[in-house]
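Structure at a glance
Here are the chains, one letter per residue:
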Amino acid sequence: MLQAKNITVTFGQRQVLQSVDFEARPGELTAIVGPNGSGKTTLLKAITGEVPSTGDALLDGRLLSDMSSVERATRRAVLPQSGTVAFPFTVLELVRLGLTSGRGTDSRTAMEALPHKALARVGLRGFEGRFVQDLSGGERQRVQLARVLVQIWDPVLDGSSRWLLLDEPVSALDIGHQLVVMEIARDFAQAGGGVIAVMHDLNLTSMFAHKVILLNKGKVQSTGTPQHVLTNENLSMCYGCAVRTNTPPPLGGPWILPQAASCAAGFAE
Amino acid sequence: MAFVSFPAVKRTLITLRTPAQQGDRTAKSFALQAGLLVLLLLMMLLSLGWGAASDTDVLGAIGAKFGVGSASARDMSIVWDIRMPRMLTATVVGAALAVSGAVMQGLFRNPLADPGLVGISAGAGFGAVVAIVLGGFLPVALLGLVGPYLIPLAAFFGGWASTLILYRIATRGGRTSVITMLLAGIALGALTGAATGFLVYRADDDQLRDLTFWGMGSVAGASWFKLMTAGPIIILALVATPFLARALDALALGEPVAEHMGIDVQRMKRISILSVAASVGASVAITGGIGFVGIVVPHLLRLFQGPVHRMLLPNAALLGAVFLLIADMLSRVVVAPAELPVGIVTATVGGPFFLWILLKNRAMLDV
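Note that this is a predicted model, so its numbers are computed, not measured.

Across its full length, chain B carries 17 helices and 2 strands. With 367 residues in all, chain B has 50% of them scored as buried. The contacts in chain B between residues at least 6 apart in sequence include a share of 77% that link residues at least 24 apart.

A few words now on the overall build of chain A. Looking only at helices and strands, one finds 9 helices and 14 strands in chain A. Taking 2.2 N^0.38 as the reference for a compact globule, 269 residues should give roughly 18 Å; the C-alpha atoms of chain A span a radius of gyration of 19 Å, in line with that estimate. Reported as C-alpha extents along the three principal axes, the dimensions of chain A are approximately 60 × 40 × 35 Å. With 269 residues in all, chain A has 46% of them scored as buried.

This part takes up the sheet that holds strand E12 (residues 219-224) of chain A. Residues and elements named next belong to chain A. Read from one edge to the other, the open sheet built from 6 strands follows the order E6-E9-E10-E3-E11-E12, with strand pairing classed as mixed. The sheet is open, and its two borders are formed by strand E6 (76-79) and E12, each paired with just one other strand. On average, each strand axis in the sheet is tilted by 15° relative to the strand beside it, whichever way the strands run. Bridge count for strand E9 (residues 163-167) against strand E10 (residues 194-198) is 5 bridges, and the pairing is parallel. If you follow Leu-164 over to E10, its bridge partner there is Val-195. Relative to E9, helix H1 (residues 40-48) is tilted by about 145°, and along the sheet it contacts strand E3 (29-33), E6, E9, E10 and strand E11 (211-216).

This part covers the pairing of E12(A). Residues and elements named next belong to chain A. Pairing of E11 with E12, which is carried by 5 bridges, proceeds in the antiparallel orientation. Each residue of the ladder has a partner; that of Ile-213, found in E12, is Thr-223. Connecting E11 to the antiparallel partner E12 that follows it, the hairpin turn spans 2 residues, and Lys-217 within it adopts a positive phi of roughly 50°.

Before going further, it helps to spend a moment on the sheet that holds strand E2 (residues 14-24) of chain A. Residues and elements named next belong to chain A. Spatially, E2-E1-E4-E5 is the arrangement adopted by the 4 strands of the open sheet, whose pairing is antiparallel. Bordering the open sheet on either side are E2 and strand E5 (62-63), each of which pairs with just one other strand. Relative to E5, strand E4 (residues 54-59) runs antiparallel, the two being bridged by 2 bridges. Residue pairing for E5: Leu-59 is matched across the bridge by Arg-62.

Glancing now at helix H16 (residues 342-360) of chain B. Residues and elements named next belong to chain B. Its 19 residues place the ends of H16 27 Å apart at the C-alpha level, agreeing with the 27 Å of an ideal helix rising 1.5 Å per residue. Most pronounced at Gly-350, the bend in H16 amounts to some 30°, and the proline Pro-352 follows within four residues. Those residues of H16 that sit buried are Val-342, Gly-343, Val-345, Thr-346, Gly-350 and Phe-354.

At the interface, 27 residues of chain A touch 25 residues of chain B. Looking at the side of chain A that touches chain B, the element that brings in the most residues is helix H2 (residues 69-75) of chain A, giving 4 residues. Split into classes, the residues belonging to the side of chain A that touches chain B amount to 13 nonpolar, 10 polar and 4 charged.

Checked against the element boundaries, Val333(B) lands in helix H15 (residues 309-333). Between the C-alpha atoms of Val333(B) and Gly51(B), which are 282 residues apart in sequence, the distance is 7.9 Å.

This brings us to the packing of helix H4 (residues 73-108) of chain B against helix H13 (residues 265-287) of chain B. Residues and elements named next belong to chain B. Two elements in contact, H4 and H13, have axes whose closest approach is 9 Å; the angle formed by their N-to-C orientations is 150°. By the criterion of interaxial angle, the relationship of H4 to H13 is roughly antiparallel. Here H4 runs over H13; the crossing is left-handed. Counting all contacts with H4, which are made through Thr-89, Val-93, Ala-96, Leu-97, Val-99, Ser-100, Val-103, Met-104 and Leu-107, the residues of H13 involved are Lys-269, Ser-272, Ser-275, Val-276, Ser-279, Val-280, Ser-283, Ile-286 and Thr-287. Of the residues in the contact of H4 with H13, the class split is 10 nonpolar, 7 polar and 1 charged.

Attention shifts here to the confidence of the model for chain B. Model confidence for chain B is summarised by a mean pLDDT of 82, while 86% of its residues fall at 70 or above. Confidence drops under pLDDT 50 across residues 1-5 of chain B; counting only partners more than four residues distant or on other chains, this segment forms 4 contacts.

With that out of the way, let us pick up the domain arrangement of chain A. Residue and element names in this part refer to chain A. Considered domain by domain, chain A is made up of domain 1 (2-222) and domain 2 (231-269). Taking the mean C-alpha position of each, domain 1 and domain 2 sit 27 Å from one another. With 10 residues of domain 1 at the contact, the number on the domain 2 side is 8 residues. Ranked by residue count, the leading element in the side of domain 1 that touches domain 2 is helix H7 (residues 202-208), at 4 residues. Of the residues belonging to the side of domain 1 that touches domain 2, the class tally is 4 nonpolar, 6 polar and no charged.

We now examine the packing of helix H2 (residues 26-49) of chain B against H15(B). All names here are of chain B. Following both chains from N to C, one finds H2 and H15 inclined at 30°, their axes separated by 9 Å at the closest point. If you check the angle between H2 and H15, you find them roughly parallel. Once H2 is placed against H15, the crossing between them reads as left-handed. Packed against H2, whose contacting residues are Thr-26, Ser-29, Leu-32, Gln-33, Leu-36, Leu-37, Leu-39, Leu-40, Met-43, Met-44, Leu-46 and Ser-47, the element H15 presents Met-311, Pro-314, Asn-315, Leu-318, Leu-319, Ala-321, Val-322, Leu-325, Ile-326, Asp-328 and Met-329 at the interface.

Moving on, we get to helix H5 (residues 120-134) of chain B. For H5(B), built from 15 residues, the straight-helix expectation of 21 Å at 1.5 Å per residue is met to within 8% by its first-to-last C-alpha distance of 21 Å. Summarising burial for H5(B): 13 of the 15 residues are buried, a large majority.

Analysis parameters
Residues numbered from 1 in each chain as written. Chains lettered and ligands numbered in written order. Predicted model: local features only at pLDDT ≥ 70, side-chain atom pairs only at ≥ 80, totals over all residues. Helix = DSSP H or I, 4+ residues; strand = E, 2+ residues; numbered from the N terminus. Buried ≥ 20, exposed ≤ 12 C-beta atoms within 10 Å, placed from the backbone. Contact = placed C-beta atoms within 7 Å. Rg over C-alpha atoms; globule rule 2.2 N^0.38 Å. Pairing = 2+ DSSP bridges. Axes fitted to C-alpha atoms, helices over the stretch in contact; angles between N-to-C directions. Expected span 1.5 Å × (residues − 1). Bend = angle between axes of the 7 residues up to and from the residue. Nonpolar A, V, L, I, M, F, W, Y, C, P; charged D, E, K, R; others polar. Parallel < 35°, antiparallel > 145°, perpendicular 65-115°, else oblique. Left-handed = near helix turned anticlockwise from the far one by under 90°. pLDDT = per-residue confidence, 0-100. Domains from an automatic or database assignment.

So this is what it looks like as structure tokens:
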């Protein structure tokens, strides 16, 4: 279980997150949603230690900050929103970097095969020899995902679940690859791992998330299942626009259609 | 051509021909490493036989040292007292400068970082000049303690301080700015240059002779004594660098990502800066500032074998040594019978090369 307790982040004078609490369970995909500037990415970065925060981030009851960097890298992998690569790595060379992170689980030959498996999984088979800087934004994001997957390939290691922390994993992707990536995340969770994803797309969230944390102005607005959280009232209030939600039969979760930007008081002024 | 059918060689040749499709340049890098090793040994030997006294029996002198055959006293002296320390100095310093360049570039995440360009060599030179001019004022007890290591140590601390200052200035919020780094390097270089100039102005004639040599960058003044004082420091620093390879690779993805990948970034930065300062400092102490080796060598290698540091660092050591050995041999013949300081040769090759990289990477500088 990954817990955040009383997380507060302050940039200068501004409190970006105010006493945020949440729990994410292994076996589930937990989505963090909210409007721009609500603190989604900051919350993820507070958990990974990338931004300084007060409060505690605990993994199975242990403070993440108390673990060694190698142990952390063995227990969780982080996909950043975007990133530049300083030197001309090939796709295979970059994905292989995931192998040397944290503690390996398999024999050498099995490890050597992982980058190829991961590339096939993200739909980039045959891209091994391409240079990372020549790829499109969406391809690059999937290369990074393959690297992250290689880092914690087995969702459960020695009886403890491992965690995928994804910051807007589908923001640069076309609809086909959005589904590919979300299915990878869901499969990882179903195999016993834990997934926390910062999401922009509410409909993908509704389709794939087991649990949703809705942030608004640095605070948790609502937590629970997509049906419980992604309601007209919650979304109109947080996003400041009129939405209509309904539930088409095959999806099971609410389906959100933005209607007009003028609904919320204080948003149009 | 019977040897080509030898399975290992054949496999290497096949891998060499079709590596880009696989995206795996490891085999290519190993093949290059083997080639460079052979080339290095050849160049080391050639360097021993290269010079005005062309009739010297090099192999005889080497054999005689180990009790095989005999050689004249003159040949023994030329090979063992003059050329051998010079050759070894060029080898060690070339390796040190190239590896330091590769480490600096990895640390700053930029192919333009070079100890000479950003003022680290100037800082080390300043340290050495301070030791030469002001060393006499040290308490005798302390002088006895550090003795011959005073100049290399001072150069090391000069290089270390400049690297640290540079990194602190250029890095904000985990991001190292290229422009800040280059500009701060220029400022730092000018400052240490001025301080060095002041000390030169104050120096006496004996010290001046020692000092002139720093501006040049030359392996001509090599001796066993200098090699023995600086060599161990350089080798110690070089031995530390392979442990940095994984961290430097991860750092190419940015500091936060490297942290996520289990790298103790602060620790690896400290080790990198220490090893660069040690090897550049010690190199400057015995040869003065030789520029551009650190930028030309790693860049050429990255073009051919890619940026993976596990292969880049050892190959940079080999190619750096080869590069400086060749430059030194050129410096002995260009204006024969006189000798050019080797720094002039490396700058002649390196200057245009640097400009070329700069123009190719212009987009990166406009960030």
